[in-house]
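Now for the letters of each chain:
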Amino acid sequence: MESRRGVARVPVSADRPYAWLREQERQADGRLTSGLTVFLVNRECPWRCAMCDLWRYTLPAKAPPESIPRQMDVALRESGACELHWVKLYNAGSFFDLGAIPAEDYPAIAERCRGFSRVIVECHPSLVGAPLLRFRDLLGPGTQLEVAMGLETAHPKALEQLNKRFDLEGFRRAARFIRENGCELRVFLLVRPPFVPVAEVEAWLERSIEFAFDCGADPVVLIPTRLGNGAMERLASMGLHSAPSLDLLEHGMYFGLGLKRGRVFVDLWDVEQLMGPHPDLASRRAALERMNTIQGDGLTPAISSGFDRA
Ligand code: SF4
C-alpha cells in the first residue's frame, strides 16, 4: 500500500502516543485555558479520504487492548498534566471507531479524563451514535464532551471527490445528534481543498464556514490543505491542487469572526513550510496567532467576538 502511495509510514508504537503538546485555547465563555493534546496511535482509519495524511502515524494492524489508556498515561506523566482544563484525544481517525478504540477501553480512558472539564475527540459523521453516548455517560456530568468532525468543505461535489463518504445532510444529522445529546461540536474545514473550482475557492470557504455555524459548531477550525500523503502530490502535479495563500487564510479568519457566531481558529502548524518563502510571513503568522488567541484583530471592533480580550 505504502509503495503505491509513494510516502512511507512514520515509525510509531502502540505503547506511547505519537506526540503530545500543551496548548492554550480561547473558550466559548471567553477564558483562555490550557490543555493537553494527545496524538494517539492506533490502526489506520478505514475511510481513506483523498487529502488525509494521518494514516502515516498509524499502525498497520489493530492496536492491542488497553494500549490507548497506556498511551494516555505516558502523555499525562510526561506533560505533568497540572493546571490543565481540557484534553484533546486525537487518534488519526474516529474515536468512536470500535476497531480503533475498543469500547472495553472506554472506562479506563474516562477514568484518565477525570479532572479535565472538557474532553475533545474526533469522529467521522457515520460513526456518531451509541458509542458516543456510552463514553459521554462514563465521563459523567462534570466533564463536557466535545466532538470534532471534519466537514472539509460544503461544496457537495468536492466533498464527494474527496471521498469523505457523507453528504451535507448526513453531516447535519450527525451534528444534530451530537448537540441534542448534550455534547458540543467542533468543525474542521480545509482552506482551499482540491476539486473546488479556483474562481470559487473564496466563496466556498465562506459558505462552508456558514454551514458549520448553521450546524451549531463552536469553534470552526480552518486547516490549510497540505501536501504529504502522496495523493495530494499527484493532484498537485496534475494541476488539481495548489497551496492556499496567506490572503485566503486571513480572509477566512476575518470572515468567520465577522459573522460573530462563534470562535474561529486557524491551524498554523507547519504554515512556514506550506507557504514557502514569503517576505512578511513571520509577522502575518504572528497576527493570525494573535487572532486565534483574542478572537479579534485587536484593531477592528467589528470583528471582536463579544468577550473581553486577553
Ligand atoms: S475520516 Fe478523517 S481520519 Fe479518516 S481518512 Fe478521512 S480525513 Fe482521514
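Given the structure is predicted, the values throughout are model-derived calculations rather than measurements.

1. Quick word on the overall build of the protein chain
1) Next: Helices and strands together make up the secondary structure of the protein chain, namely 11 helices and eight strands.
2) Next: Relative to a compact globule of 310 residues, whose C-alpha radius of gyration would be 19 Å, the protein chain shows 19 Å and is just as compact.
3) Next: Here the C-alpha coordinates of the protein chain stretch approximately 50 × 50 × 40 Å along the principal axes.
4) Next: Across the 310 residues that make up the protein chain, the buried fraction comes to 40%.
5) Next: Restricting to contacts in the protein chain with at least 6 residues of sequence separation, those with at least 24 account for 75%.

2. A closer look at the nonpolar core
1) Next: If you look at the biggest cluster of nonpolar residues, it comprises 78 residues, and the most contacted ones within it are V119, V147, V187, L189, A212 and L222.
2) Next: Setting aside residues up to four positions removed in sequence, L222 forms contacts with L189, V191, L249, G252, M253, V264, V266 and D267.

3. Some remarks on helix α2 (residues 67-79)
1) Next: Along its 13 residues, α2 runs 18 Å from first to last C-alpha, staying within 8% of the 18 Å computed at 1.5 Å per residue.
2) Next: Buried residues of α2: S67, I68, Q71, M72 and A75, and no others. Projected down its long axis, α2 carries its buried residues within an arc of 140°, all on one side.
3) Next: Check the buried side of α2 and you find it contacts β1 (19-26), β2 (32-39) and α3 (106-113).

4. Some details on the sheet that holds strand β6 (residues 184-191)
Whether parallel or antiparallel, the strands of a sheet pair through hydrogen bonds between backbone atoms.
1) Next: Strand order in the open sheet made by the eight strands is β1-β2-β3-β4-β5-β6-β7-β8, with mixed pairing throughout. Each of the sheet's edge strands pairs with one partner strand only, and the pair in question is β1 and β8 (264-266). The average undirected angle you get between the axes of adjacent strands in this sheet is 25°.
2) Next: As judged from the four bridges shared by strand β3 (residues 86-90) and strand β4 (residues 118-122), these two strands associate in the parallel manner. Paired with V87 across the two strands is V119, which belongs to β4.
3) Next: Packed onto the sheet, helix α7 (residues 201-214) meets β5 (144-152), β6 and β7 (220-224) and runs at close to 170° relative to β6.

5. Remarks on the packing of helix α9 (residues 246-259) against helix α11 (residues 281-294)
1) Next: Packing of α9 against α11 brings their axes to within 11 Å, and their N-to-C directions diverge by 20°. Taken together, α9 and α11 sit at an angle that is classed as roughly parallel. The handedness of the crossing between α9 and α11 comes out as left-handed. Two secondary-structure elements touch here, α9 through L246, L249, E250 and M253 and α11 through R284, L288 and M291.
2) Next: Grouping the amino acids of the contact of α9 with α11 by side-chain chemistry returns five nonpolar, no polar and two charged.

6. Focus: the environment of V74
1) Next: Relative to the elements of secondary structure, V74 occurs in helix α2.
2) Next: Residue V74 is classed as partly exposed on the basis of its 14 C-beta neighbours within 10 Å.
3) Next: Spatially, the C-alpha atoms of V74 and P17 are 7.4 Å apart, while their sequence positions differ by 57 residues.
4) Next: With residues up to four places along the chain from it excluded, the contact list for V74 reads R16 and P17.

7. Quick look at the pairing of β6
1) Next: Taken across its eight residues, β6 has six buried, putting it largely inside the fold.
2) Next: In the sheet, β5 pairs with β6 via six bridges, with the strands oriented parallel. Looking at the pairing, G150 lines up with F188 of β6.
3) Next: Sheet analysis places β6 next to β7, joined by five bridges and oriented parallel. The partner of L189 across the bridge, within β7, is L222.
4) Next: Assessed by its sense of winding, the connection that carries the chain from β6 through α7 to β7 is right-handed.

8. Re the packing of α2 against α3
1) Next: Closest axis-to-axis distance for the α2/α3 pair is 9 Å, and the angle between their directions is 15°. Between α2 and α3, the angle falls in the class roughly parallel. At the point where α2 passes α3, the crossing takes the left-handed sense. Taking contact as the criterion, the partners of I68, P69, M72 and L76 in α2 are, on α3, A108, I109 and R112.
2) Next: Considered class by class, the residues forming the contact of α2 with α3 number six nonpolar, no polar and one charged.

What counts and what doesn't
- Residues numbered from 1 in each chain as written.
- Predicted model: local features only at pLDDT ≥ 70, side-chain atom pairs only at ≥ 80, totals over all residues.
- Helix = DSSP H or I, 4+ residues; strand = E, 2+ residues; numbered from the N terminus.
- Rg over C-alpha atoms; globule rule 2.2 N^0.38 Å.
- Buried ≥ 20, exposed ≤ 12 C-beta atoms within 10 Å, placed from the backbone.
- Contact = placed C-beta atoms within 7 Å.
- Core = buried A, V, L, I, M, F, W, Y, C linked by C-beta atoms within 7 Å.
- Expected span 1.5 Å × (residues − 1).
- Arc of directions from axis to C-beta.
- Pairing = 2+ DSSP bridges.
- Axes fitted to C-alpha atoms, helices over the stretch in contact; angles between N-to-C directions.
- Parallel < 35°, antiparallel > 145°, perpendicular 65-115°, else oblique.
- Left-handed = near helix turned anticlockwise from the far one by under 90°.
- Nonpolar A, V, L, I, M, F, W, Y, C, P; charged D, E, K, R; others polar.
- Right-handed = clockwise from strand over helix to strand, strands pointing away.

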